[in-house]
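# Analysis of the macromolecular model
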Amino acid sequence: MIRLSHVVKTFPNGSLALKDVSFHVPKGEFVFLTGHSGAGKSTLLRMLYAEERPSQGEVRVGGHLVHSLKSDEIPRLRRRLGIVFQDFRLLEDRTAFENIAFALEVTGARRDTIPARVTRVLTQVGLAAKARAHPRELSGGEQQRVAIARALVNDPAILLADEPTGNLDDRATRGVFQLLRDINTSGTVVVMATHDLDLVRQTAYRTIEMREGAVVFDSADDHDGEDR
Amino acid sequence: MSLLVREALLSFRRAPLLSALSVTTIAFSLFTVGLFGLVALNLREALRDLEERVEVVAFVLRGTPPETITLASQDISTFPEVFTVTYVTEEDALARARRELVEFRDAYQDLQVNPLPASLEIRLREGFRDAQNAAAVAERVQGFPFVEDVRFGRDWVEQLDDLRDLAGILGLVIGGVFAAVAVVIIGVTIRLTLLQRAREINIMRLVGATNWFIRGPFLLEGAVKGLLGGVLAIALCYAGYTVFRSNTSVLGGLVFFGPQHILVIVIFGVLLGLFGSLVSVGRHLRLVSGRLERRAA
């Protein structure tokens, strides 16, 4: 589903953000992306949803050659992805329901299908009862669930999550993480950047560790080199 | 209601102050343009009255048979520049002098012999009422053997020409400057809206909205603001016109814009709004996706 080959990213100021990064994420996998702040996790994720373009190398996501995508082709890629951030990125002046519906509306979904689809994902994240609440009336964990519901509403093949539990307390973290695991179980690839090592150790999911822009550890290499 | 219209109208509700500011600035810019338009319009009206008085007078040699003059005046009226030719006989001239020159009424009353010559008064068509055309007509009329002298008040016709040119250039320059200012102001206010909604635009991009989809509501918003600004500007112009007219008794025949002028101003407002938003939205989207393009290059 995701394949990076010798990806290098240099910023205009000359700093090297990614150094020869290569890995492959097959269908149905859950991958942790770990490392300190500034290690290149976010840059790598941004590259997957075409917010950054590699200076060298190839990036393939769900059949799209992201490294050579024209800017008018980017929306099509993003409609196949779900993206979740640490700061939720919800519109404050809209209800939970409207925030999710917005993602469908901007992609031109048929209007009569929207309410049912929004209700389905709200139920999936356990917030059907809070559909009419505005973000400020929800807890951090609940806001992140709304963000995840928004990411899911277009039935993405891949869910990218950049520190989704970074702003949450332990209990909310567990809830959100469980939700992401459930999503993965139903077949969606999940790539989750985090520096919460407790979370990583709880499970046997594949872990890719980054340091100063390079991949320094990939648990897939330890167990099954052939899978790559 | 379609999403496009809803999103555009939502911005008015969410940022009423900023929207009001945009509409007001557009209105005042257009108001200024409109005021100059009104001045130009009234100046043109005033000049038209003056222009109508541009005429070429050919004085006829005493003793010329009236048939000759009638034939010649028929000939002159076929000149492309000529609007009407009036034959003023010696008697007509005297009668007019008695009527109009009150101070000399007694002198004209006592005359035994009419000292005034007959003449042809030639009025020019609209568009030909300038010194150059008047001189050309005068020269050709001078060619008739019975014509003693031709006058057309060269000096004041030339001054009229200068005034007309000056008014045209001044109107164009000042109007152009204020239109440019209006475009900049609209661009700035739309840009403020954009910055205010940068978060929303960013989210739209992340969930896969196309650039045109993002632009749409902003363009509509700009057009609606331009429309409202245009209508407000007309209202302001009318208020200004009414106040000015009621306070000046000297200038009686002031005119206001006709329906076609009003339509032009409103359409101009809409175009300004559209143009302002197109430029600033385009720049914003390019800035956001600029990093990608630079990398690709």
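Presented here is an overview of the structure given in this document.

This part takes up the overall build of chain B. Of regular secondary structure, chain B possesses 10 helices and four strands. When the helices and strands of chain B are listed from N to C terminus, the series reads α-α-β-α-β-α-α-β-α-β-α-α-α-α. When the 297 residues of chain B are sorted by exposure, 27% land in the buried category. Contacts spanning at least 24 positions in sequence make up 85% of the contacts within chain B whose residues lie at least 6 apart.

Turning our eyes to something else, we now look at the overall build of chain A. The helix and strand tally for chain A stands at eight helices and 10 strands. In chain A, buried positions account for 43% of the 228 residues. For chain A, the proportion of contacts with a sequence separation of at least 24, taken over those separated by at least 6, is 68%.

Right, let's get into the sheet that holds strand E2 (residues 16-25) of chain A. All names here are of chain A. Read across the open sheet, the four strands follow the order E2-E1-E4-E5; overall the sheet is antiparallel. Both edges of this open sheet fall to E2 and strand E5 (64-65), since each of them pairs with a single strand only. The sheet contact formed by strand E1 (residues 2-10) and E2 spans six bridges and is antiparallel. Bridging from a neighbouring strand, Lys 9 pairs with Leu 18 of E2.

A few words on the sheet that holds strand E2 (residues 82-88) of chain B. In a beta sheet, neighbouring strands pair by backbone hydrogen bonds and run either parallel or antiparallel. All names here are of chain B. As summarised here, the arrangement of the four strands in space is E2-E3-E1-E4, forming an open sheet in which the pairing is antiparallel. Bordering the open sheet on either side are E2 and strand E4 (147-151), each of which pairs with just one other strand. Strand after strand, the sheet turns through a mean of 20° between neighbouring axes, direction not considered. Across four bridges, strand E1 (residues 55-60) lies against E4 in antiparallel orientation. Paired with Val 57 across the two strands is Arg 151, which belongs to E4. The sheet strands contacting helix H3 (residues 66-76) are E1, E2 and strand E3 (119-124), and the helix crosses E2 at an angle near 165°.

All names here are of chain A. In terms of nonpolar packing, the biggest core is built from 71 residues, with Leu 33, Leu 48, Ile 100, Leu 122, Ala 149, Leu 160 and Val 191 touching the most fellow members. Of the residues forming this core, the biggest block, seven residues, is contributed by helix H3 (residues 96-105). The contacts of Leu 122, once residues within four sequence positions are left out, are Ala 96, Phe 97, Ile 100, Leu 127, Ala 128, Ala 131 and Ala 149.

What counts and what doesn't
- Residues numbered from 1 in each chain as written.
- Chains lettered and ligands numbered in written order.
- Predicted model: local features only at pLDDT ≥ 70, side-chain atom pairs only at ≥ 80, totals over all residues.
- Helix = DSSP H or I, 4+ residues; strand = E, 2+ residues; numbered from the N terminus.
- Buried ≥ 20, exposed ≤ 12 C-beta atoms within 10 Å, placed from the backbone.
- Contact = placed C-beta atoms within 7 Å.
- Pairing = 2+ DSSP bridges.
- Axes fitted to C-alpha atoms, helices over the stretch in contact; angles between N-to-C directions.
- Core = buried A, V, L, I, M, F, W, Y, C linked by C-beta atoms within 7 Å.

Without other data, these values stay purely geometric and don't point to any function.
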